[in-house]
Amino acid sequence: MDQIDMTTLDGGTTSVGGDALEALADALDGDLVTPDSPDFDESRELWNAMIDRRPGAIVECATANDARRAVDFARAHDLLVTIRGCGHNIAGNASADGALMISFSGMKAVNVDAATRRVRVEPGASLGDLDAATQAHGLAVPVGINSTTGIAGLTLGGGFGWLSRAYGMTVDSLVSVDLVTASGAMITASAAENDDLFWGLRGGGGNFGVVTSFEFEAHPVGPQVMSGLLVHPAADARDVLLQYREIAAAAPDELSIWVVLRQAPPLPFLPEDVHFEPVLVLAALYAGDMEEGERAFEAIRAVGNPIADAISPHVYTEFQAAFDGLLTPGARNYWKSHDFLELSDGLIDVMVAQLELLPGFGYEIFLAQMGGATNRVPADATAYPHRDVEFIMNVHGRWEDADEDEAGVAWCRAAFDAAAPFATGGVYTNFMTAEETGRIRDAYGSSWDRLVALKNRYDPDNFFRMNQNIRPASTTG
């Protein structure tokens, strides 16, 4: 094997000899992928096509020991390390030019103990993998709303979706974590073991180690749920949002109603003359008894004169994947996000205005309804601190051509700026792009000092820095 020039922890370059690489490859249960390997481009690919980087080498882990071997190798050669679960994160921190990528694309196992409602998940699993395994037993973990998202990054940043008002954030159902630390130690973190680290892993991102296994508590859900879409014309947006605000405030925990502003997809239940026209969509799910769900939907279904009412029983796994077609890999994506304590009149004005300014089909603004169980957890119980937030907005630009980058990013930033006066200043870590280093303290909020103390203890050299980084006090790197 030829030597490879790789990126060091401080951003320099070092040559890693062929003998050392051969020794690493021989030690692995999985594979060492190099730029000369036929599957290199597939292994390095990320969901966001705006991120196109070439790692120096990729360790395709088959076991937790492979992750430890990769950490030991990187430390011995002073290499920059990145960690790839499903590669879905908007910031693209799973990859860096010349780095050693630790990839879990081959570790997707999900094991469910239905009797104890405990679920063990490997870090390469997607939400779809997790949902399929748990739903075989009538169970689910509160996760995100796109089935191709990776469980690892979602969880470490907090995690929320259709079930969160009923069952809390993803981290609120996390029971334990196995990980490899910067020193190469393989440890478990839970409420009973390394509880300080367990606190930090529930919202502190990938700052403290390489997670090799997650254990969750699952909850009774499905297999069918009352869910679906209500599609309203753009002309009615203000009236719908005003009524939505009142209904959302009174909604039971089992009911989650999100607002989506976008051009209408060419769905079969929508008239053709609406396709690609601006619409306001209310997307909703009731996480409970179907008849109770029917009654819970009555108020929101009575709002306005929707173009389409597609609320009905749906298979939970199918509804979890319902938006996958709008989020397929390979497109260029840019996000900007805000937290809100309320849906104020001013924010409604901004949303109505932005609906008319949508640049194209790939652009949208969604407003996720939080509250419920997510807000009944004390702010200091987990590293995810934003327990008073009622709504999270994500401004999402998506396009195919790099020539559209400047205009697409500009629109997202303009919509974000327009909503800023009504926001808390906090932000959901998983929605941050790599450029938003100035918002990192806002993302971690009241947890910041405690997270820095954990970083000082578990990663004083900032070995794990390709993330929304918490820098240890001992270094500026």
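S.K.: Can you lay out the pairing of strand β8 (residues 118–121) for me, pointing to particular residues and giving the numbers?
M.R.: Side chains V119 and V121 project from β8 onto a buried face, and the interleaved R118 and R120 project onto a face without burial. Bridge count for strand β7 (residues 110–113) against β8 is four bridges, and the pairing is antiparallel. Bridged to D113 within β8 is R118. Once β7 ends, the chain turns through four residues before running back antiparallel as β8, passing R117 with a positive phi of about 60°. Across four bridges, the pairing between β8 and strand β12 (residues 210–217) is antiparallel. From the neighbouring strand, V119 faces β12, where its bridge partner is F216.

S.K.: Can you tell me about the packing of aromatic side chains, naming the residues and giving the values?
M.R.: Any pair of aromatic rings gets described here by the distance separating the centres and the angle formed by the planes. The final tally for this structure, using the stated rule, is 20 aromatic pairs. The interplanar angle of 35° and the centroid separation of 6.4 Å between the aromatic rings of W162 and F323 together place this pair among those described as tilted. Separated by 161 residues along the polypeptide, W162 in the loop between α5 (151–157) and α6 (164–167) and F323 in the loop between α11 (316–320) and β19 (332–340) bring together distant segments of the chain. You'll find W162 and F323 in the same group, each marked buried. Summarising the aromatic geometry, the rings of F319 and F323 are spaced 6.1 Å apart at their centres and angled 75° between planes, so their arrangement reads as edge-to-face. For the pair F319 and F323, one class covers both residues: buried. Feature note: the residues W47, F160, W162, W258, F319, F323, W335, F366, Y384, Y428 and F431 constitute an aromatic cluster, connected by ring pairs.

S.K.: Please give an account of the sheet that holds strand β3 (residues 31–33) that cites residues and values.
M.R.: If you trace the four strands from one edge of the open sheet to the other, you get β3-β4-β6-β5, paired in mixed fashion. If you trace the sheet from one side to the other, it starts and ends with β3 and β5 (81–84), each paired once. Strand-to-strand twist in this sheet, taken as the mean axis angle between neighbours without regard to direction, amounts to 20°. Bridge count between β3 and strand β4 (residues 57–60): three bridges; the pairing is antiparallel. In the sheet register, D31 faces β4, and the bridge partner there is E60. Set on the sheet, helix α3 (residues 64–76) makes contact with β4, β5 and β6 (100–103); between it and β6 the angle comes to about 170°.

Rules used throughout
Residues numbered from 1 in each chain as written. Predicted model: local features only at pLDDT ≥ 70, side-chain atom pairs only at ≥ 80, totals over all residues. Heavy atoms only, no water. Buried < 20%, exposed > 50% of the residue type's maximum accessible area, 1.4 Å probe, protein only. Helix = DSSP H or I, 4+ residues; strand = E, 2+ residues; numbered from the N terminus. Pairing = 2+ DSSP bridges. Phe/Tyr/Trp six-rings, centres within 6.5 Å; stacked < 30°, edge-to-face > 60°. Axes fitted to C-alpha atoms, helices over the stretch in contact; angles between N-to-C directions. Contact = heavy atoms within 4.5 Å.

So, to be careful, I would describe these as geometric facts and stop short of saying anything about function.
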